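Fold and contact review
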Amino acid sequence: MSEDNTDIIDNQDEPQESITRVTGMYKDWFLDYASYVILERAVPAIEDGFKPVQRRIMHSMKDLDDGRYNKVANIVGHTMQYHPHGDASIADAMVQIGQKDLLIDTQGNWGNILTGDSAAASRYIEARISKFGLDVVYNPKITQWQASYDGRRKEPINLPVMFPLLLAQGGEGIAVGLSTKILPHNFIELIEASIKHLKGKRFTIVPDFPTAGIADVSNYNDGLRGGKVRVRAKISQLDKNTLVITEIPFGTNTSSLIDSILKANDKGKIKIKKIEDNTAADVEILVHLPSGISPDKTIDALYAFTNCETSISPLGCVIEDNKPLFIGVSEMLRRSTDNTVQLLKSELEIKLGEFEEQWHFASLERIFIENRIYHDIEEEETWEGVIQAIDKGLKPHVKHLKREITVDDITRLTEIRIKRISKFDIDKAQQKIDALEDQIAEVKHHLANLIDYAISYFQRLKKDYGDGRERKTEIRTFEDVDATKVVIRNTKLYVNRAEGFIGTSLRRDEYVCDCSDIDDIIVFTQEGKMMVTKVDSKTFVGKDIIHVAVFKKKDKRTIYNLIYRDGSKGPTYVKRFAVTSMTRDKEYDLTNGSKSSKLWYFSANPNGEAEVITVHLRQVGSIKKLKWDLDFADVLIKGRASKGNLVTKYSVKKIELKEKGVSTLKPRKIWFDDTVQRLNVDERGELIGEFRGEDRLLIITQSGVVKTILPELSTHFDDDMIVLEKWIPKKPISVIYYNGEKDMYYVKRFLIENEGKEESFISDHPDSQLEIVSTDWKPMAEIEFKKERGKDRKDNEEINLEEFIAIKGINALGNQLTKEKINQVNLLEPLPYEAPEEIPAVEIEVIDETVEPSDAKSVSDEKSEDNPKKDSQDDEGQITLF
């Protein structure tokens with residue numbers, strides 16, 4: 001027999017056996033397994049928002065519900081009658097439902113989503129269905145049932161959930177070949193969105209996380225595949241050396257967050273002294289910083305290198321008609337709301353049928369007793385005779401009934417007791433019938449106005465259960481953090497100028513500066529070549545290096561001044577340029593490209609400084625002018641590929657620095673983008689002003705704190721900030737505040753004397769509060785007085801604050817505003833005042849910037865022809881002479 005045959009016979013007496021190849025088994029069994037995992041485990045149904053295990057837990061809790069708490073172990077055991085899996089999976093699923101604080105009223109240690117602590121064993125914790133769960137999840141009369149896995153009991157196919165529960169709780173699962181990740185949304189916002197949908201209005205819903213935090217949902221994409229939500233911890237500055245984290249991103253806990261911070265510290269990305277975790281009911285993680293470390297930059301570094309910022313990719317996948325369906329959260333809400341309307345309709349129709357049945361029997365009962373029809377059955381000896389006698393007695397009186405009389409109706413009449421007949425009250429019976437008619441009319445009205453009824457239903461849910469369910473997560477647009485600007489410089493950069501090597505491992509060579517392992521380095525060589533490369537242990541960039549520094553992307557203020565010879569005997573050119581973009585590891589030629597070109601002069605200027613240099617020519621032929629000055633301020637700043645301006649066509653002997661430069665750049669304009677609460681130079685938001693080297697920002701908060709800071713783009717601002725503007729030192733600040741200790745309103749005007757220091761200008765009494773603050777030169781205020789009993793209200797009074805009080809110290813109490821009772825104080829338009837003009841930028845000498853001492857050698861006034869190459873650096877930047 002051939003080996004390829006699929007049938008084999010062990011011996012002639014035994015029957016044939018069929019062999020199924022593994023490929024066939026894999027195809028059928030794997031598909032069955034995948035379908036089972038998708039439909040019965042991982043993905044929730046769109047109808048009620050439950051996975052099978054969750055639905056069975058809720059059904060079991062209803063079976064056991066008597067208003068008291070049940071042990072979770074008992075509920076888990078009861079659920080195993082419906083769920084063919086182990087108790088551990090059921091207990092875990094129940095804890096997850098309980099931690100969402102919506103359907104289950106918990107008692108005991110159910111774990112902590114903030115710290116990541118797990119729940120106590122199921123035998124120690126208890127649960128019962130919450131009032132909200134009883135209200136929106138259950139209604140046996142409109143529930144469709146199916147047999148449980150062993151056929152012994154009935155379980156719901158879907159629970160009649162009349163609320164967008166899946167969106168409120170969120171859902172996550174991994175199946176075979178697909179997954180789902182539906183983010184949680186705000187309870188109140190979902191109800192409001194459902195009402196808008198019922199009214200035919202547009203709506204938008206965005207996630208709201210139980211761990212709070214700050215979220216950027218600009219790329220949410222309605223929860224569909226490809227969307228992304230960025231979530232950040234809420235970090236604020238406690239003092240100059242301490243940061244406090246009070247809210248954490250969704251999907252993290254305090255333990256994992258602290259671990260990520262410690263890991264970033266170990267890698268040198270950030271620098272911290274220690275971390276304290278004081279989390280209890282609320283998150284409180286204290287991050288202590290070493291002295292000299294910027295809190296603002298550390299906050300950005302925490303977002304860049306730790307789990308203080310995470311990215312969540314939603315994926316809306318649900319089960320509909322036993323098939324996976326990929327839809328967005330808006331469509332989920334529409335379908336859930338429409339399903340709720342249909343469930344309410346079914347509920348009303350059942351209620352209407354019940355009321356009509358009650359009305360029908362109450363009417364029959366009244367006819368039966370009032371007309372003494374029960375006497376007609378006294379002579380009857382058979383059951384059929386009794387039925388016929390009652391039917392005959394009822395016929396003259398049933399014209400107003402809404403349906404025909406059945407045998408069951410007559411049977412119920414025969415079951416009325418004699419005691420009830422003897423005590424029958426016609427008036428009470430009629431009142432009952434009238435009440436039922438009113439209820440029937442009300443239900444019919446609701447059915448006729450079903451949408452209005454559904455809107456009222458959602459409004460009742462909001463009123464009854466909305467308290468304490470306000471939004472926790474703050475929605476804000478994030479500005480991307482440039483990791484290279486906030487990373488701690490955790491390594492040292494060295495250079496071997498002659499051989500052309502740079503790197504962090506060249507410790508025997510010249511030290512350049514501190515840098516980080518993610519920095520880019522810009523290098524210039526004597527041949528006029530430039531390259532930008534990543535920091536590495538050792539990299540060859542080209543021999544005769546004249547300048548090396550950390551490269552800042554999109555830096556338009558660093559200007560390079562350069563003089564070069566074109567070829568071996570060509571003319572000399574001068575050029576000024578900035579390097580804002582490049583291709584990493586590509587060599588750029590800054591000369592005209594001729595062979596043997598050479599740099600005569602080079603300087604790097606962080607603020608666009610333009611120095612004056614002296615050009616010396618060699619005595620060749622009949623040249624008359626051998627020496628003259630060149631001012632770089634006369635040279636336009638162009639692109640790095642420009643040829644430059646001609647300096648001379650004759651041979652250059654040497655070039656000397658005559659006068660160090662001043663900035664040729666305009667003051668830097670700075671804007672504040674209220675959307676992301678950050679400063680920028682990209683013209684986004686409101687223009688604050690033009691800033692020079694030492695200009696500062698003035699910040700005033702509602703809590704009565706004032707400070708001035710340098711306008712760094714990495715600065716973070718407090719939520720209660722009410723004033724942000726360019727600080728003018730001689731411009732007074734005018735304040736009206738309520739002093740809680742003295743129970744009076746005071747006025748004060750002051751100047752800031754301690755720049756860079758945070759100071760409070762109102763009393764520290766808990767009832768003290770700031771009413772108005774003005775930074776105008778001549779502010780005006782209006783007092784609105786309270787009306788005294790029996791008197792006319794006093795007319796409003798205007799006050800010139802400049803005349804009311806002289807400028808005093810920041811800690812002065814001030815002058816009492818008035819003795820009258822004040823309703824409120826309003827700030828009016830200030831009086832006209834011509835502010836002193838600022839000196840134009842060209843008339844101001846730029847203050848020297850501090851530069852790393854390793855960037856270059858010092859300038860020497862003694863330059864000899866025998867030693868033509870000198871490296872020099874002034875405070876404005878690096879200068880190299882040849």
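Our structure's up above, just so we're on the same page.
Please read all numbers here as calculations on a predicted model, not as lab measurements.

Moving on to the overall build of the protein. Broken down by element type, the protein carries 17 helices and 52 strands. Taken along its principal axes, the extent of the C-alpha atoms in the protein is 155 × 120 × 45 Å. Burial analysis of the protein (882 residues in total) assigns 46% to the buried set. Within the protein, contacts between residues at least 6 apart in sequence are counted, and of these 66% link residues at least 24 apart. With an accessible surface of roughly 47000 Å², the protein has 46% of that area assigned to carbon and sulfur atoms. Of the charged side chains in the protein, 126 are positive and 150 negative, and the gap between their average positions amounts to 5 Å.

Our next topic: the pairing of strand E46 (residues 780–785). Among the six residues of E46, five are classified as buried, and the element is accordingly described as predominantly covered. Relative to strand E47 (residues 797–800), E46 runs antiparallel, the two sharing four bridges. Considered in E47, the bridge of Met-780 is made with Asn-800. By the bridge criterion, six bridges tie E46 to strand E50 (residues 822–828) in an arrangement that is antiparallel.

Further remarks concern the pairing of strand E28 (residues 572–577). Of all the six residues making up E28, six are buried; the element is thus mostly covered by neighbouring parts of the structure. Neither face of E28 is open: one carries Thr-572, Val-574 and Arg-576, the other Tyr-573, Lys-575 and Phe-577, and all of them are buried. Relative to E28, strand E27 (residues 559–565) runs antiparallel, the two being bridged by six bridges. The residue bridging Arg-565 from the neighbouring strand is Thr-572, located in E28. Between the end of E27 and the start of E28, which pair antiparallel, lie six residues, with Gly-567 showing a positive phi angle near 80°. Relative to strand E33 (residues 637–638), E28 is paired through two bridges, and the arrangement is parallel. Pairing of Phe-577 across the sheet is with Lys-638, part of E33.

A separate point is empty space enclosed by the protein. Summed over all chains, the structure comprises four cavities of 30 Å³ or more. A volume near 110 Å³ is recorded for the largest cavity. Lining the largest cavity are 13 residues, with Ile-46, Pro-164, Leu-166, Met-332 and Ser-336 sitting closest to its centre. Of all the elements in the fold, those that place two or more residues in the lining of the largest cavity are helix H6 (165–169) and helix H10 (329–370). Counted by class, the lining of the largest cavity contains eight nonpolar, two polar and three charged residues.

Right, let's get into the sheet that holds strand E36 (residues 668–673). Backbone-to-backbone hydrogen bonds join strands into a sheet, with any given pair of strands oriented parallel or antiparallel. Spatial ordering of the open sheet is given by E37-E36-E38, a layout of three strands whose pairing is antiparallel. The open sheet has two free edges, formed respectively by strand E37 (678–680) and strand E38 (686–691), since each of these has just one partner strand. Averaged over all pairs of adjacent strands, the angle between their axes in this sheet comes to 30°, without regard to strand direction. Here three bridges tie E36 to E37, and the two strands are oriented antiparallel to one another. In the sheet register, Trp-671 faces E37, and the bridge partner there is Asn-680.

Attention now goes to the packing of H10 against helix H15 (residues 450–465). Relative to each other, H10 and H15 sit at 105°, their axes nearing to 10 Å. Looking at the two axes, H10 sits roughly perpendicular to H15. Contacts between H10 and H15 involve Thr-337, Thr-340, Val-341, Leu-344, Lys-345 and Leu-348 on the former and, on the latter, Leu-450, Ile-451, Tyr-453, Ala-454, Tyr-457 and Phe-458.

Summed over all chains, the structure comprises zero disulfides. The thiol of Cys-513 is unpaired, and the distance to the nearest cysteine sulfur, on Cys-515, comes to 5.7 Å. For Cys-513, a relative accessible area of 3% translates into the label buried.

Turning to the packing of helix H11 (residues 383–394) against helix H12 (residues 407–414), a few remarks are in order. At a minimum axis separation of 10 Å, H11 and H12 run at an interaxial angle of 100°. As far as their axial angle goes, H12 and H11 are roughly perpendicular. For the pair formed by H11 and H12, the contact residues are Trp-383, Val-386, Ile-387, Ile-390, Asp-391 and Leu-394 on the first element and Ile-410, Thr-411, Leu-413 and Thr-414 on the second. When its residues are assigned to classes, the contact of H11 with H12 shows seven nonpolar, two polar and one charged.

The rules behind the values
- Residues numbered from 1 in each chain as written.
- Predicted model: local features only at pLDDT ≥ 70, side-chain atom pairs only at ≥ 80, totals over all residues.
- Heavy atoms only, no water.
- Helix = DSSP H or I, 4+ residues; strand = E, 2+ residues; numbered from the N terminus.
- Buried < 20%, exposed > 50% of the residue type's maximum accessible area, 1.4 Å probe, protein only.
- Contact = heavy atoms within 4.5 Å.
- Areas by Shrake-Rupley, 256 points an atom, 1.4 Å probe, with all protein chains shown as cover.
- Lys, Arg positive; Asp, Glu negative; His and termini not counted.
- Charge placed at Lys NZ, Arg CZ, Asp CG, Glu CD.
- Pairing = 2+ DSSP bridges.
- 1 Å grid on protein atoms, 1.4 Å probe; cavity = no way out; pocket = protein on both sides within 12 Å on 5 of 7 lines; lining within 4 Å.
- Points joined across faces, edges and corners; volume = space filled by probe spheres on them.
- Nonpolar A, V, L, I, M, F, W, Y, C, P; charged D, E, K, R; others polar.
- Axes fitted to C-alpha atoms, helices over the stretch in contact; angles between N-to-C directions.
- Parallel < 35°, antiparallel > 145°, perpendicular 65-115°, else oblique.
- Disulfide = S-S within 2.5 Å.

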